[in-house]
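What follows is the residue order along each chain.
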Amino acid sequence: MLLATAGAAGADVIYNNLDGTVDAVAEVMPLNAGGPTGGTVLAVQPANGDGKQGCNLTGSNVLELSISSSQPSVATVSPGTVLFTSCSDTKQLTVTPLSNGSTTISASVVSNTSGGSFNLGPATFQADVTTPAPANTAPTLTITGVTAGAAYAKGSVPAALCEVTDTEDGPSTFPATLGALSGADAATGVGTQTANCDYTDLGGLHASASLSYSIVDATAPEISYTLTPAVPDGTNGWYRSEVYLDWTVTEGDSPSTLSVTGCTDELISLDQLPTDYSCAASSSGGAAGPVTVPIKKDGTAPDVAYTSASGTAGSNGWYTSDVTTTFTATDATSGPASATQTATSSGEGSAVVVQSPAFTDNAGNVTAAGAASHSFKVDKGDPTAAFDSVLGDAYFGFLAPAPGCTASDDVSGPAGCVVTGYSTAVGTHTLTAIATDNAGRTATAQQSYTVMAWTLKGFYQPVDMNGVLNTVKGGSTVPAKFEVFAGSTELTDPALVALSAARITCSLSALDDIELTATGSTSLRYDSVSGQFIYNWKTPATPGSCYKLTMTAADGSSIYANFKMK
């Protein structure tokens, strides 16, 4: 970028407005002796070059000038002194032509309280006084099309014309002569230009005029940039490789006034979150930007780690179903496209490995499948239960012990086997073998068996059965005789039977007297001679009361007889 500054050094300027320019060249005021007076205006132009910034005439500061004619016999000037109190102050001068010749009108300092300096050269001008020809009036010359001090956009400068007014020769117009451009950017067509006009009429009278104007830059700088690569090589606007940003700022008309903010070329090689890079430029032609380029870069694939697992948990760290494994991805820059994903185990064993699926971040970086893994113990099959033996049907008291069982399992291994449902009570029962493996899975096997009741016979005579109410003298002893068989085997152990008597309501109508009684107290014995149990029951001495005598065998079977006391 080419930068330049421009300025003029010097004191504040006092100038006349005869030709519309402020310069050191003394202008010419043509006059006719005895003819009309001439006039011009003095004004102040701050220049900032004398060590005091801005206008020297501030506050109560004043500048008093003496105005004089070098040849008062040729022409006089009035007023003789002028007082400037501010930089916007102007003073009218009047020149009175007296006789043929030339005189210089100039200014000199009488008093200056500003502390600054003033350049009085541009205030000086020359009055040329001639005797008017009998039929010739001095021409007047005006520059049109452009205005002194005006600024015109480059390419849109009006044509400067010299317009002559001449009483004798008539009006005429011709193009002004343009001086060379001046200024820091003159080479590009921007700067200060002076239009000059000179005219001599047919009577020999001469007039001249000049003015200066500015040609300015009306076009702001142009900002452009290139990115390499030209488009993001990732997804969602992310770059994955390094990015080079190259700015270009163009100012073809006024490069000396160009100023930029930012516009720094960048090489982005490290991962970064979205970051804005900007460029703004200004010149005398205007401002451009800021142009902002957002760049985000992520060239690093996400990290993947095992997070958790779900499945049917068994025992001892085993799973009894396929295991759904959750893996989590983290990415510090663009973030993972999906934070979590799952994978499901396959097969069985003590070391079933589940590998992570592929993960992608929002920039398109991919972490391949298998970056993380986790091992599980999986047993999806039940063990096998088997009885060690078969338990057959048996009569009560003759049943074999409960059989054992064995568990088998090819994956987690057997943990044990138990048998439930074993009972020695009369009835049909089902044994269940429950096998358990080390994963906590179970399996069962069953077998059934029957415990058969004993056969009870009795009570024999003299006791009547089948609902008959036996009558007996209270206090007497009744022999209750009976037999007990387990299948074909007669049981003889008195400990296997028990007898009891309970008082009942005397509501039975069938009565039968006991034909035979015994003597002695209540007793139970097995009589091997007769091959039967004999229970001598001493009845209660409670005439009119009724009792039920019950024999209950160890297997729960029973017989009974009813009695009434006399």
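Everything that follows concerns the structure shown earlier in this document.
Sequence order as written defines the numbering, with residues in each chain counted from 1. Where local features are concerned, this predicted model is filtered to residues with pLDDT of at least 70; where side-chain atom pairs are given and counted, the filter is 80 or more; whole-chain, interface and lining totals use all residues. With hydrogens and water stripped out, all remaining heavy atoms of the structure feed into the side-chain values.

**Details of the overall build of the chain**
Starting at the N terminus, helices and strands are each numbered in turn, a helix being any DSSP run of H or I of at least four residues and a strand any DSSP run of E of at least two. Looking only at helices and strands, the chain has zero helices and 47 strands in total. Here the C-alpha radius of gyration of the chain, 68 Å, is well above what a compact globule of 566 residues would show, namely 24 Å. For the chain, the spread of C-alpha atoms along the principal axes amounts to about 200 × 55 × 45 Å. Burial classification: accessible surface area is computed with a 1.4 Å probe over protein chains only, and a residue below 20% of its type maximum counts as buried, one above 50% as exposed, and the rest as partly exposed. Per-residue burial over the chain gives 38% buried out of 566 residues. We call two residues in contact whenever any of their non-hydrogen atoms come within 4.5 Å of each other. Across the chain, every contact between residues at least 6 apart in sequence was considered, and the portion connecting residues at least 24 apart equals 62%. We take the radius of gyration over the C-alpha atoms and set the globule estimate at 2.2 Å times the residue count to the 0.38 power.

**What to know about the sheet that holds strand S24 (residues 303-310)**
At least two DSSP bridges between two strands are needed for those strands to be called paired. Pairing within the open sheet is antiparallel, and its three strands lie in the order S24-S26-S27. Of all strands in the sheet, those bounded by a partner on one side alone are S24 and strand S27 (340-344). The mean angle between the axes of side-by-side strands here comes to 30°, regardless of whether they run parallel or antiparallel. Note on method: axes are straight lines fitted to C-alpha atoms, helices fitted across the in-contact stretch only, with angles between N-to-C directions ranging 0 to 180 degrees.

**Re the nonpolar core**
The set of buried Ala, Val, Leu, Ile, Met, Phe, Trp, Tyr and Cys residues whose side-chain atoms join them within 4.5 Å is what this entry labels a nonpolar core. Counting residues in hydrophobic clusters, the biggest one holds 39 residues, and the most contacted among them are Phe459, Phe482, Val484, Met551 and Phe563. Sorting elements by how many residues they give to this core places strand S40 (residues 477-486) first, with five residues. What Phe482 contacts, discounting residues up to four positions off in sequence, is Lys457, Gly458, Phe459, Tyr460, Val497, Leu499, Leu524, Gln532, Phe533, Tyr535, Met551 and Ile559. In this structure, Val44, Ile105, Ala123 and Phe125 belong to the second largest nonpolar core, which totals 27 residues.

**Let's talk about the pattern of salt bridges**
Salt bridges are defined by distance alone: a side-chain nitrogen of Lys or Arg within 4 Å of a carboxyl oxygen of Asp or Glu. Counting across every chain of the model gives six salt bridges. For Lys380, the salt bridge goes to Asp322, with nearest N and O atoms at 2.8 Å. Here Lys380, found in the loop between strand S31 (373-378) and strand S32 (384-387), pairs with Asp322, found in the loop between strand S25 (318-319) and strand S26 (324-330); they are 58 residues apart in sequence, far enough to count as distant. On the basis of relative accessibility, which here comes to 32%, the residue Asp322 falls in the partly exposed class.

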